[in-house]
Amino acid sequence: MKALCWYGKNDVRVETVPDPTILRPHDCIVRITATAICGSDLHLYDGYIPTLEPGDILGHEFMGEVVEVGSEVRRVAPGDRVVVPFAIGCGQCWYCRNELWSLCDNTNPNAYMLEGMYGYSGGGLFGYSHLYGGYAGGQAEYARVPFADVGPLKVPDGIDDEHALFLSDILPTGWQAAERAEVHGGDVVAVWGCGPVGQFAIRSAKLLGAERVIAIDRFPIRLSLAERAGAEGLNYAETDDLVEALKEMTGGRGPDVCIDAVGMEAHGTSIDAVVDRVKQRTRLGTDRANVLRQVIQACGKGGRVSVAGVYAGFVDKFPFGALFAKGLTLRAGQCDVQRSMRPLLERIERGEIDPTEIITHRLSLAEAPDGYAIFRNKADECVKVVMHT
Ligand SMILES: NC(=O)c1ccc[n+]([C@@H]2O[C@H](COP(=O)([O-])OP(=O)(O)OC[C@H]3O[C@@H](n4cnc5c(N)ncnc54)[C@H](O)[C@@H]3O)[C@@H](O)[C@H]2O)c1
Ligand SMILES: [Zn+2]
Ligand SMILES: [Zn+2]
């Protein structure tokens, strides 16, 4: 089959590789019909997540048709259309039973690596390095999906691929970012990053009753897409002091909720951002954390900070004093996709949310390397790349 393989920093290629096969009785094989490139893939593409090996197949946002099932699979059958959550859950462990799917205790065969880094390991992820299990990803014609009875969600006939695909990751991730911040009626919510995750965090905050949503980015296309969803756009590149600007916009109170939908590759020109960039380039540091610092600094007293953007290592100049003095709540983490896939599918069916609004580029799998370059450089007014195979 054809698959998008990683070879090194900014070097991905579509290659012919062996077809996946059933390895365990709970596996299924999915023939992929649609797959997307995520901001998280850019962290791999840009070389910031260790333990990728040349030839590894990337991709964790995918869906398709089940073509083969293992002997113990009961809930899905060949012919079913399914969308697959990026985090692999066993369905049996304490974490899965408590809907903390991304923290599954059983699906990362390389757990020892993350235990060394973080004390404990989360579950395995598709196409996300050997730290997360070394599972082949879904930017390919076929993928092996472990625990086929647990993760994949059947897609009803009336829902086409483009409406269902983002249930694999970014729609639940944006939703969880808002939900974890306990967004409710009357809240003023500020969202840093108007990429795909930010767009869905903005829409989710609205659905959860936010009175105002302030959307922060520097790309006009992304800001206008946020404004179309009812947010007030704020271009940080044209703002001298963002924290002060937010204070002014909120009658001196600051936002009740601040969401970081940017993560470890934040852009910035402040001194801390420049220092982070130099440290990242010279491998003295891992994350560019200027947005993380800013969300904490900007959040109003008693507010809630929710971090959906990915961070990988140690962060310095972390404003813990501000977090403490203002009595903030801080939530973060990978998305527990399985928890909100079904309710979000129902919202799509009811027309409350239209995931296709953010798609700007429709490519073939063969064009995936171009898709990475365009999405990475935010070129050609790109917001989200979908590949139909
Ligand atoms: N928690 C999870 O489970 C999960 C799931 C999916 C993605 N993510 C992460 O979410 C983040 C965003 O993903 P995406 O697909 O939307 O990526 P993206 O790269 O398309 O979007 C990031 C956006 O942040 C903006 N940005 C950069 N610096 C900024 C700054 N200083 N202030 C405000 N905005 C700034 C960029 O212009 C861009 O529009 C990534 O870190 C990704 O890894 C996390
Ligand atoms: Zn993703
Ligand atoms: Zn589990």
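Before reading on, note that the structure itself is shown above.
Rules used in this analysis
Residues numbered from 1 in each chain as written. Chains lettered and ligands numbered in written order. Predicted model: local features only at pLDDT ≥ 70, side-chain atom pairs only at ≥ 80, totals over all residues. Heavy atoms only, no water. Donors = N, O, S within 2.8 Å, 3.2 Å for Na, K, Ca; no water. Helix = DSSP H or I, 4+ residues; strand = E, 2+ residues; numbered from the N terminus. Buried < 20%, exposed > 50% of the residue type's maximum accessible area, 1.4 Å probe, protein only. Near = heavy atom within 4 Å. Polar contact = N/O pair within 3.5 Å; in protein donor to acceptor, adjacent residues only side chain to side chain. Areas by Shrake-Rupley, 256 points an atom, 1.4 Å probe, with all protein chains shown as cover. Nonpolar A, V, L, I, M, F, W, Y, C, P; charged D, E, K, R; others polar. Domains from an automatic or database assignment. Contact = heavy atoms within 4.5 Å. Pairing = 2+ DSSP bridges. Axes fitted to C-alpha atoms, helices over the stretch in contact; angles between N-to-C directions. Parallel < 35°, antiparallel > 145°, perpendicular 65-115°, else oblique.

J.: Which parts of the structure should I look at to understand the coordination of the zinc ion (ligand 2)?
T.: By definition of the ideal shapes, four donors in a tetrahedron about a metal sit 109.5 degrees apart, and six donors in an octahedron sit 90 or 180 degrees apart. The protein atoms donating to the zinc ion (ligand 2) are Cys38 (SG), His60 (NE2) and Asp169 (OD), with metal-donor distances spanning 1.7 to 2.2 Å. In the primary sequence, the donor residues of the zinc ion (ligand 2) line up as C-x21-H-x108-D. With a gap of 131 residues between them, Cys38 in the loop between β3 (28-36) and α1 (39-45) and Asp169 in the loop between α4 (161-164) and α5 (170-180) connect regions that are remote in the sequence. As far as burial versus exposure is concerned, Cys38 and Asp169 are alike and both buried.

J.: Sorry, what's going on with the site of ligand 1 here?
T.: Around ligand 1 sit 32 residues, and of these Ser40, Asp217, His267, Cys335 and Lys378 come closest. Contacts to ligand 1 include Val197, whose backbone N or O atom sits 3.0 Å from an oxygen atom. The protein chains hide 96% of the 870 Å² of surface that ligand 1 would expose on its own. Here the shell around ligand 1 takes 3 residues from α1, the largest share from any one element. Its residues assigned to classes, the shell around ligand 1 comprises 16 nonpolar, 12 polar and 4 charged. A domain-level breakdown of the shell around ligand 1 finds at least three residues from each of domain 1 (2-169 + 335-388) and domain 2 (171-332).

J.: How should I be thinking about the environment of Ser121 in this particular structure?
T.: Its location among the elements puts Ser121 in the loop between α3 (111-118) and β7 (142-145). Distance in space between the C-alpha atoms of Ser121 and Cys104 is 8.5 Å, their sequence separation being 17 residues. Discounting residues that sit within four places of it in the chain, Ser121 has contacts with Leu103, Cys104, Asn108, Ala111, Leu114 and Glu115. Polar contacts involving the side chain of Ser121 include one to the side chain of Asn108, which spans 3.2 Å.

J.: Would you explain the sheet that holds strand β11 (residues 232-235) in this entry?
T.: By definition, the strands of a sheet pair up through backbone hydrogen bonds, in either a parallel or an antiparallel sense. Spatial strand order, β11-β10-β9-β12-β13-β14: 6 strands in an open sheet with parallel pairing. Only two strands of the sheet have a single partner each, and these edge strands are β11 and β14 (329-332). Across this sheet, the average inter-strand angle for adjacent strands is 20 degrees, counted without regard to direction. Pairing between strand β9 (residues 188-192) and strand β12 (residues 257-260): 4 bridges, direction parallel. Bridge pairing in β12 links Trp192 to Asp260. Set on the sheet, helix α8 (residues 242-249) makes contact with β9, β10 (212-217) and β11; between it and β10 the angle comes to about 160 degrees. Here helix α10 (residues 290-298) sits on the sheet and contacts β9, β12 and β13 (304-307); the angle it forms with β12, its principal contact strand, is near 175 degrees.

J.: Looking at this structure, how should I read the packing of α5 against helix α12 (residues 337-349)?
T.: For any two helices packed against each other, one specifies the crossing angle of their axes together with the interaxial distance. Contact geometry for α5 and α12: axes closest at 9 Å, N-to-C directions at 105 degrees. Judged on the interaxial angle alone, α12 and α5 are roughly perpendicular. Packed against α5, whose contacting residues are Leu171, Pro172, Trp175 and Glu179, the element α12 presents Val337, Arg339, Ser340, Leu344, Arg347 and Ile348 at the interface. In the contact of α5 with α12, the residues fall into 6 nonpolar, 1 polar and 3 charged.

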